[in-house]
Amino acid sequence: MSFITLQDVSYKYPLAKTFALKHVDLTFEKGKFYGIIGQNGAGKTTLCNLVRGLVPHFYGGSLTGKTIIDGTNVKKWDTDQLATQIGYVFQNPFTQISGVKETVFEEIALGLENLGIPKDEMIERVIRVCKLLKIEDLIKRDPNALSGGQRQRVAFAAIIAMDSDTLVIDEPTSQLDPEGTADVFAIIQLLKEQGKTVLLVEHKIDLLAEYADEIVVLEKAQVAFQGPAQEVLQNPALLEHGAQIPQVALLGSRLQERGIGLGRIPITQKDAIAAIEERLGGES
Amino acid sequence: MAIELKDASFTYPNGYTAVEHLNLVIESGEKVGIVGQNGAGKTTAVKMMNGLHKPSGGDVIVDGVNTKEKTTAQISTYVGYVFQNPDDQIFNKSVIAEIEYMPRYLKMEEKEVKRRVERAVELTGIAKYLKKNPFDIPYSTRKFVAIAAILATETPYLILDEPTAGQDAEGIAILSHLIDALQAEGRSVITITHDMEFVADNFDRVVAMAQKQIIADGSARDIFWNEEVVRTSRIRKTAIGELAKELQIGERILYCDEMVEEIARRLGQ
Amino acid sequence: MDLDFAYSFKNPQLYKNWLMDVNPLNKLNFCAVMAAVGFILPYWWIGYAMMAGYLILAASAGKFGPFFKMFYKVFLLVGAILFLMRAMFTEGSTILFSWGNIHVSVESIFYGLRVAGTVVAFCAAVILFYNITPMRDLMYSLERVGVSHETSYICLASMQAITDLGESSKVIMDSQKARGIETEGGLISRMKAFIPIIGPLVLGAISNTEEKSIAMDARAFSAPVKHTFLRELRKTPAAEKAVIILIDLALVAVIVGRVIWL
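Residues numbered from 1 in each chain as written. Chains lettered and ligands numbered in written order. Predicted model: local features only at pLDDT ≥ 70, side-chain atom pairs only at ≥ 80, totals over all residues. Heavy atoms only, no water.

## A short note on the overall build of chain B
When its secondary structure is counted, chain B shows eleven helices and ten strands. For 269 residues, the compact-globule estimate of 2.2 N^0.38 gives 18 Å, and the C-alpha radius of gyration of chain B, at 20 Å, lies within 12% of that figure. Once the C-alpha set of chain B is aligned to its principal axes, its extents read approximately 60 × 45 × 30 Å. Sorting the 269 residues of chain B into buried and exposed places 59% on the buried side. Put simply, of all contacts in chain B between residues at least 6 apart along the chain, 62% involve residues at least 24 apart. Per element, the accessible surface of chain B, about 10700 Å² overall, is 47% carbon and sulfur. Taken as two groups, the 32 positive and 40 negative side-chain charges of chain B have centres that lie 4 Å from each other. (Helix = DSSP H or I, 4+ residues; strand = E, 2+ residues; numbered from the N terminus. Rg over C-alpha atoms; globule rule 2.2 N^0.38 Å. Buried < 20%, exposed > 50% of the residue type's maximum accessible area, 1.4 Å probe, protein only. Contact = heavy atoms within 4.5 Å. Areas by Shrake-Rupley, 256 points an atom, 1.4 Å probe, with all protein chains shown as cover. Lys, Arg positive; Asp, Glu negative; His and termini not counted. Charge placed at Lys NZ, Arg CZ, Asp CG, Glu CD.)

Below, the structure is given as structure tokens:
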């Protein structure tokens, strides 16, 4: 079931000379996890802004083509209403802290207060996301005095607590160490299992390969590739389009070049192990 | 010529001790990657190297001079430090003015200013942005402007704090090239990063930190294949290293090529 | 996780101090009445009596330290200047001593004491209110009586912005030092360092507001529903309401008395 549809969408920011999105056709289905990759400046963040209604409502500029979100054209969506439907976590962790709450617990509850959630339910929901994001130790801390990585988790928690059906997440792990990054991906996986639709912009291709259902590759404001992760991420041509492919896929294609291919190009660690074991097992 | 941390500790004015008893010598021409969990003390450690933090215990010696005897600005002409967030650093109206600022501040001749700017711009690949306002260009490019502004001082040592965060494949390639070019000139580059592929690809020497201390110091292979170190500093191997561990093949493999060779060897090719 | 802390929000937040727990609007009411009374009553000692009262109130709220720290500066600076000006330049018949054109008299001293006392007492009432009323409590109460969500957010966020600006100026100062710009030492090097610091500070603040508004939007800030509060204050006790009404009546009485007897 398609939930968000873009038909021949082009967009220019006000005063900009070049298109931020050009003739983009995309479909996002409910309950799937989409990885959005590509060079910086390729239009990834603009795509997020469009799905969130910030383009064109907040930024202005000229938008052509059709963007349908849950049956309604984005131009007709009331952004306040859309904010309750689509959660948005963006890059900079510092500006996502409200600055009006004295503890992390209250900070996470802010969105729920705005949604008018009754207090008892609010408390339970905040407790749940704090556990989920492993920030139990932070709940009494001042959100304005946290490190970048901690803020990133709190900002993420604050949006997850709002429990919208769709999440648009723009590079949520830029400030996190490998462990924190792995945690975030595990949480996104969990959200997907709960039936949520996820659009994630991320450079960490190895992790995207492990979790994403579908991949969209943007290049110079256009869609260069799109399709199931397995199909898109095994294609070494991605490298020429400013994107990366997983290390194991690179390994797979190198082996193929050497004439000792694995029979398939794996994109996940697990599949790579299986494929190599099969290959070696068959020979030795 | 070297940066030496001698039993250096640092306690913030609020009483929080961020690093304890660090001992480390970084010679000219070395490429050193510093890895470890958030909060392990990496940033505090490098801030001691350029005098932003004066050690509260022990000493930090830069090219024979104790950092306690100089101002931060003085030490910074030896040890350049690029902050994690370029917006904390950039203040000029154009990219070029930003890069020229330090050479002019240090009252260099026009010819020298020009040479340095050209060099810094070439290394960071920002030639097409020179006349732009730094705040009108993308964040990831702005990070290169911040690097170029520090490069123009041509310090013998350069510290980069999370340079790969938010960079795409092209940005990472520019960084790799930049680090190699500086090393070729006999300069040292010290980099904090969470990007393990970047560490394995670019650094001869890796320092792992955990719980306010240096827990290991060695080659990328030594660090990534020391399970104890990987566990304690909460880092992970490269994807290929991880694969080798799971498959239990090869001699401490880290890179794609090594894995290809290993598989070829096993297949008798 | 500290569940006690999490569940503490189920009940009204209490400071367990009689004055701190008074409804912020009632505190505002009280301080305003006191400030007004100081101006209305013509006795020279009234301001000083109030200041003594404020010191006691601040102490009983456990805020003597912060209150006194702000109060004594105003007392010494504003109070002393007002007193000296009035004492020296007000005409009076009982001259105590003269110095050139300046004549200090008993009348001028009392007048100086009165003016200084009234003004400082007014300032002290504001300082007292500030110290015994956390901003977020005030905003909560104002929102409860119909002040908009936006207004409340702007006030609280501005307070935080001031703190943040201080923090980021430290970081920027560090990054300038790390670049080799001398910010330590003499006045000239400090002045020179000023421009590099102010630039990123202002630009950062501007770009932050735009992003912040997006961030708040993402938190359903303007969601078209009546919103709820996680952190609530206690219901105002009847006795407290009664006391405040009495205080307001007292103000009316003072005004009426002043008009009649003037």
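Next comes the rest of the write-up.
## A short note on the overall build of chain A
Check the secondary structure of chain A and you find eleven helices and ten strands. Here the C-alpha radius of gyration of chain A, 20 Å, is about what a compact globule of 284 residues would show, namely 19 Å. With respect to the three principal axes, the spread of C-alpha positions in chain A is 65 × 45 × 35 Å. Burial status across chain A gives 61% buried among its 284 residues. When contacts within chain A are restricted to residue pairs at least 6 apart in sequence, those whose partners lie at least 24 apart make up 60%. Roughly 10500 Å² of accessible area belongs to chain A as shown, and the carbon and sulfur atoms make up 47% of that amount. Between the averaged position of the 29 positive side-chain charges in chain A and that of its 37 negative side-chain charges there is a distance of 4 Å.

## A few points about the interface of chain A and chain C
Listed as interface residues are 49 residues of chain A and, on the opposing side, 38 residues of chain C. Carbon and sulfur atoms make up 61% of the surface buried where chain A meets chain C, a total of about 3800 Å² over both sides. Considering only the side of chain A, the residues that lose the most area to chain C are T95, N114 and K119 of chain A, jointly responsible for 17% of the buried surface there. Where chain A meets chain C, there are 18 residue pairs in polar contact (both at pLDDT 80 or more). For the side of chain A that touches chain C, the secondary-structure elements that each account for two or more residues are α3 (79–85), α4 (104–114), α5 (119–132) and α6 (148–161) of chain A. Among the elements that take part in the side of chain A that touches chain C, α4 of chain A stands out by supplying ten residues, more than any other. The residue makeup of the side of chain A that touches chain C, split by class, is 25 nonpolar, twelve polar and twelve charged. (Buried area = accessible area lost by both parts, 1.4 Å probe. Polar contact = N/O pair within 3.5 Å; in protein donor to acceptor, adjacent residues only side chain to side chain. Nonpolar A, V, L, I, M, F, W, Y, C, P; charged D, E, K, R; others polar.)

## Considering helix α10 (residues 239–247) of chain B
Residues separated by three or four positions in an α-helix point in the same direction, a consequence of the helix having 3.6 residues per turn. Residues of α10 of chain B that are buried include every one of A239, I240, G241, L243, A244 and L247 of chain B, and no others. Looking one or two residues past α10 of chain B, Q248 of chain B carries a phi angle of roughly 50°, positive in sign.

## Here's the deal with the interface of chain A and chain B
With 30 residues of chain A at the contact, the number on the chain B side is 33 residues. Summed over both partners, the interface of chain A with chain B comes to about 2900 Å²; 62% of that surface belongs to carbon and sulfur atoms. For chain A, the biggest contributors to the area lost against chain B are P178, R258 and L280 of chain A; these three give 18% of the whole. Put simply, chain A and chain B have three salt bridges between them. Between R234 of chain B and E179 of chain A there is a salt bridge; the shortest N-O distance is 2.9 Å. Remark: the boundary between chain A and chain B carries eleven residue pairs in polar contact (both at pLDDT 80 or more). When contributions to the side of chain A that touches chain B are tallied by element, the ones reaching two or more residues are α7 (178–193), α10 (247–257) and α11 (269–283) of chain A. No other element matches α11 of chain A, which puts eight residues into the side of chain A that touches chain B. Looking at the side of chain A that touches chain B, its residues break down into eleven nonpolar, ten polar and nine charged. (Salt bridge = Lys/Arg side-chain N within 4 Å of Asp/Glu carboxyl O.)

## Observations concerning a nonpolar patch on the surface
Residue and element names in this part refer to chain C. Residues Y43, W44, W45, L96, F97, V106 and F110 make up a contiguous nonpolar surface patch of roughly 700 Å² in combined accessible area. At the level of secondary structure, the elements contributing two or more residues to the nonpolar patch comprise β1 (95–99) and α5 (106–132). Mapped onto the elements, F97 comes out in strand β1. (Patch = residues over 30% accessible without salt bridge, like charges linked within 9 Å, V, L, I, M, F, W, Y side chains within 5 Å.)

## Comments concerning the sheet that holds strand β10 (residues 213–218) of chain B
All names here are of chain B. In spatial order, the strands read β6-β7-β8-β3-β9-β10; together these six strands make up an open sheet with mixed pairing. With one partner strand each, in any of the chains shown, β6 (79–82) and β10 form the two edges of the open sheet. Along the sheet, successive strands turn relative to each other by an average axial angle of 20°, direction set aside. (Pairing = 2+ DSSP bridges. Axes fitted to C-alpha atoms, helices over the stretch in contact; angles between N-to-C directions.)

## Remarks on the environment of Y11 of chain A
All names here are of chain A. By the secondary structure assignment, Y11 is in strand β1 (residues 2–12). Residue class for Y11 comes out buried when judged on its relative accessible area of 0%. A C-alpha to C-alpha distance of 22 Å links Y11 and D80, two positions 69 residues apart in sequence. The residues touching Y11, leaving out its near neighbours within four places in the chain, are F19, A20, L21, T46, V55, Y59, G60, G61, S62 and L63. For Y11, the side chain forms a polar contact with the main-chain oxygen of G60, separated by 2.7 Å.

## A closer look at the confidence of the model for chain B
Residues of chain B with pLDDT of at least 70 account for 100%, and the chain-wide mean is 95. Confidence metrics for the complex model read pTM 0.88 and ipTM 0.89. (pLDDT = per-residue confidence, 0-100.)

## Here's the deal with the nonpolar core
Residues F105 and I108 of chain A together with L243 and M259 of chain B are the most contacted members of the largest nonpolar core, which totals 142 residues. Contacts of M259 of chain B, omitting those with residues within four sequence positions, involve L251 of chain A together with I240, L243, A244, L247, I249 and I253 of chain B. Of all hydrophobic cores here, the second largest spans 33 residues; its members include A120, I147, L175 and F198 of chain B. (Core = buried A, V, L, I, M, F, W, Y, C linked by side-chain atoms within 4.5 Å.)

## Some thoughts on the sheet that holds strand β7 (residues 166–170) of chain A
All names here are of chain A. Here six strands make up an open sheet; going across it, the order is β6-β7-β8-β3-β9-β10 and the pairing mixed. Every other strand in the sheet has two partners, leaving β6 (86–89) and β10 (222–228) as the edge strands with one partner each. Adjacent strand axes in the sheet meet at a mean angle of 15°, parallel and antiparallel pairs treated alike. Here α7 sits on the sheet in contact with β3 (33–38), β7 and β8 (197–201), set at roughly 155° to β8.

## A look at the side chain of R125 of chain A
With respect to the helices, strands and loops of the structure, R125 of chain A is situated in helix α5. Setting aside chain neighbours within four positions, we find R125 of chain A in contact with L112, I117, A161, M162 and D163 of chain A.

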